[in-house]
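Geometric and topological summary
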There are 2 protein chains.
Amino acid sequence: MKRVKKKLLSDFIARKGLKSTRQRDTILDFFLASDRHMSIEELYLKVRAKHPNIGYATVYRTLKLFVEAGLAREIQFADGQTRYEHVNEGEHHDHLVCTHCGTIVEFENPVIEKLQDEVAKSHGFLIETHKMEIYGLCPKCH
Amino acid sequence: MKRVKKKLLSDFIARKGLKSTRQRDTILDFFLASDRHMSIEELYLKVRAKHPNIGYATVYRTLKLFVEAGLAREIQFADGQTRYEHVNEGEHHDHLVCTHCGTIVEFENPVIEKLQDEVAKSHGFLIETHKMEIYGLCPKCH
DNA sequence: ATGTTTATGAAAATCACTTTCAATGTTCTT
DNA sequence: AAGAACATTGAAAGTGATTTTCATAAACAT
Ligand SMILES: [Mn+2]
Ligand SMILES: [Mn+2]
Ligand SMILES: [Zn+2]
Ligand SMILES: [Zn+2]
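Residues numbered from 1 in each chain as written. Chains lettered and ligands numbered in written order. Predicted model: local features only at pLDDT ≥ 70, side-chain atom pairs only at ≥ 80, totals over all residues. Heavy atoms only, no water.

1. Notes on the coordination of the zinc ion (ligand 3)
The protein atoms donating to the zinc ion (ligand 3) are Cys98 of chain A (SG), Cys101 of chain A (SG), Cys138 of chain A (SG) and Cys141 of chain A (SG), with metal-donor distances spanning 2.2 to 2.4 Å. Seen from the zinc ion (ligand 3), its four donor atoms lie at angles of 104 to 114 degrees, and the figure they make is tetrahedral. (Donors = N, O, S within 2.8 Å, 3.2 Å for Na, K, Ca; no water. Tetrahedral: all angles 85-135°; square planar, octahedral: opposite > 155°, others 65-115°.)

Structure follows, in structure tokens:
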């Protein structure tokens, strides 16, 4: 799994004529070892604890690179901070978000997905992506 | 319809001990006459064209007031700008967004809504709100 | 080893708001 | 109608998240 992601990045770097750096490797390691929905701030603090010399801007830039390379995806929940999650080949899911403690639960529902496709089709839309988030209180918070 | 919204606002203002002002009336008129999903920037520019003396901050504050009064709702699409839409009693809908021209189409799908409730319940979540947006190309753009 | 090009860190800039504050307007009390 | 009490306003400053700038440092092809 981690091997696959590392290869995705090094292939992308090679393909685009970019350069492999210690910072990118470090940030990738922390990203791969992280919770599935981290904000830049959270990731930066973790990275920073071990590598105090890595800059804020580099973390931002590197996460964007991961998105381009296809190993991360940006998500925006209702809290105004961009989060990044792991992308796995052929997998899609949506989110339940606890408005009290912030817990995020992933779910897949093929029936909903299919109905979304039908909605798009019935309005003549060529669907590219969709976003579906359910906000409420998780079991621990009610 | 517009009468209803105006009354909603004046009732809210009375109930909270706030004050009725020329600015609030003007902004409400423009909001009610507007497209259903306007950004503050767009609304401000329209208002500004007729009333060059109304400030940016007032438009921001007033739209927040409309939300509190229950006649507008904030929505965030993927473009980083808050938009405000009209709220109508007992009505709920989700959105199709054209990634090319920005067109927004509203839709309701009770089956999807019901499945969302079931997903939440199956994970022990007490649902508060949800957000569902389908992004793609509208009929004109493909 | 050198040269060319990309990456980095720190600081400044940007973007979309939000807050501050002195001046002004609205409503209440007389 | 006048004054007091309080809310609202516009302009400008402040925020918080993110992005850009730019001089310096690393990569890596030759
Ligand atoms: Mn996820
Ligand atoms: Mn709508
Ligand atoms: Zn919770
Ligand atoms: Zn379109």
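There is more to say after this.
2. As for the sheet that holds strand 4 (residues 94–98) of chain A
If you trace the six strands from one edge of the open sheet to the other, you get 5(A)-4(A)-6(A)-6(B)-4(B)-5(B), paired in mixed fashion. Edge positions in the sheet fall to strand 5 (104–107) of chain A together with strand 5 (104–107) of chain B, since each of these pairs with one other strand and no more. Adjacent strand axes in the sheet meet at a mean angle of 20 degrees when their direction is disregarded. Sheet topology note: the strand 6 (residues 126–137) of chain A/strand 6 (residues 126–137) of chain B ladder contains 11 bridges and is antiparallel. Along strand 6 of chain B, the bridge assignment pairs leucine 137 of chain A with leucine 126 of chain B. (Pairing = 2+ DSSP bridges. Helix = DSSP H or I, 4+ residues; strand = E, 2+ residues; numbered from the N terminus. Axes fitted to C-alpha atoms, helices over the stretch in contact; angles between N-to-C directions.)

3. Observations concerning the interface of chain B and chain A
A common way to report how large an interface is uses the accessible area buried once the components associate. With 32 residues of chain B at the contact, the number on the chain A side is 32 residues. Surface buried jointly by chain B and chain A totals about 2800 Å² across both partners, of which 69% is contributed by carbon and sulfur atoms. Counting across the interface, chain B meets chain A through zero salt bridges. Our count for the chain B to chain A interface comes out at 12 residue pairs in polar contact (both at pLDDT 80 or more). Those elements that place two or more of their residues in the side of chain B that touches chain A are strand 4 (94–98), strand 5, helix 5 (110–122) and strand 6 of chain B. It is strand 6 of chain B that contributes the most residues to the side of chain B that touches chain A, 12 residues altogether. Within the side of chain B that touches chain A, the residues separate by chemical class into 19 nonpolar, nine polar and four charged. (Contact = heavy atoms within 4.5 Å. Buried area = accessible area lost by both parts, 1.4 Å probe. Salt bridge = Lys/Arg side-chain N within 4 Å of Asp/Glu carboxyl O. Polar contact = N/O pair within 3.5 Å; in protein donor to acceptor, adjacent residues only side chain to side chain. Nonpolar A, V, L, I, M, F, W, Y, C, P; charged D, E, K, R; others polar.)

4. Focus on the protein's contact with DNA strand C
Near DNA strand C there are 22 residues, and of these Lys19, Thr58 and Arg61 of chain A together with Tyr60 and Thr82 of chain B occur at the shortest range. The protein-proximal atoms of DNA strand C, defined as those within 4 Å of the protein, are 74% sugar or phosphate. Within the backbone of glycine 55 of chain A, an N or O atom sits 3.1 Å from a phosphate oxygen of DNA strand C. In this structure, a base nitrogen belonging to DNA strand C sits 3.2 Å away from a side-chain N or O atom of lysine 19 of chain B. Mapped onto the surface near DNA strand C, the elements with two or more residues apiece are helix 2 (22–32) and helix 4 (56–69) of chain A together with helix 4 (56–69) of chain B. When residues in the surface near DNA strand C are grouped by element, the largest group, four residues, is from helix 4 of chain B. Classifying every residue of the surface near DNA strand C by side-chain character gives five nonpolar, 10 polar and seven charged. (Near = heavy atom within 4 Å.)

5. Topic: the coordination of the zinc ion (ligand 4)
Residues and elements named next belong to chain B. Taken together, Cys98 (SG), Cys101 (SG), Cys138 (SG) and Cys141 (SG) make up the protein donors of the zinc ion (ligand 4), found 2.2 to 2.4 Å from the metal. Coordination at the zinc ion (ligand 4) comes from four donor atoms whose angles at the metal span 103 to 114 degrees, giving a geometry best classed as tetrahedral. Judged by relative accessible area, which is 40%, cysteine 101 ranks as partly exposed. (Buried < 20%, exposed > 50% of the residue type's maximum accessible area, 1.4 Å probe, protein only.)

6. Digging into the protein's contact with DNA strand D
As a matter of local geometry, DNA strand D sits amid 23 residues, with Lys19, Thr21, Arg24, Thr58 and Arg61 of chain B nearest to it. Measuring from a phosphate oxygen of DNA strand D, one finds a backbone N or O atom of glycine 55 of chain B at 3.1 Å. Among the elements that make up the surface near DNA strand D, the one with the highest residue count is helix 4 of chain A (five residues).

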